[in-house]
Structure formats: structure tokens, C-alpha cells
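Below, each chain spelled out in residue letters.
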Amino acid sequence: MRLHGHLHIYTESKKPEFELELPNGATLEELIRTLKIPDAEIWVVSLNGRSASTSAYLSDGDAVSVFPPVGGG
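Residues numbered from 1 in each chain as written. Predicted model: local features only at pLDDT ≥ 70, side-chain atom pairs only at ≥ 80, totals over all residues. Heavy atoms only, no water.

## As for the nonpolar core
For soluble globular proteins, the rule of thumb is that nonpolar side chains tend to be buried together. Residues Met1, Leu3, Val64 and Val66 are the most contacted members of the largest nonpolar core, which totals 15 residues. For this core, the secondary structure elements donating two or more residues are α1 (28–35), β2 (44–47) and β4 (64–67). Apart from the residues lying within four places of it in its own chain, the contact partners of Met1 are Pro16, Glu17, Phe18, Leu31, Leu35, Val64 and Val66. (Core = buried A, V, L, I, M, F, W, Y, C linked by side-chain atoms within 4.5 Å. Buried < 20%, exposed > 50% of the residue type's maximum accessible area, 1.4 Å probe, protein only. Helix = DSSP H or I, 4+ residues; strand = E, 2+ residues; numbered from the N terminus. Contact = heavy atoms within 4.5 Å.)

## A few points about the pattern of salt bridges
Considering all chains together, one arrives at three salt bridges under this definition. The partner of Arg33 in a salt bridge is Asp39, and the shortest N-O contact between them spans 3.0 Å. Using a relative accessible area of 42% as the deciding quantity, one classes Arg33 as partly exposed. The class of Asp39 is exposed, set by a relative accessible area of 52%. Here the salt bridges do not stand alone but share partners, grouping Glu29, Arg33 and Asp39 into one network. (Salt bridge = Lys/Arg side-chain N within 4 Å of Asp/Glu carboxyl O.)

As C-alpha cells, this is what we get:
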């Protein structure tokens, strides 16, 4: 699990990279709900290096990255 930008502030450990265990059959949406990251703070979620729908199912060893919206100009 990797949280980019400021998203690590939503985790208990405040670390941007960590491992997380979820029940079998969990989805990306359930992962995000577990982390309690507000929907407005998420721009893209990737699963094993590819953009993924939050309805995607997770498997043991998957690499998940969550990116916040990009601002600036």
C-alpha cells in the first residue's frame, strides 16, 4: 500500500507506505473505507501499476497506490 501526496495523514502510522491485511474477497473500495480517506481526496487508484476501478477485487500480494487530486498551475 502506498499513499501519495498528503494522503498518509489519514493513516494511524502517518507513513506513506505500509502493508495491510484485509479479508479474502475485499475490494479497493473496502480498502479505501478501511483507511477512512474521504472520496474528495482521491483522484486515481492503481492496482499493480494500472489504474483500477474501486470495485476491483484484491488478491494477496497486490500493490495498491492511491493518488490525491493534483493542483497548481
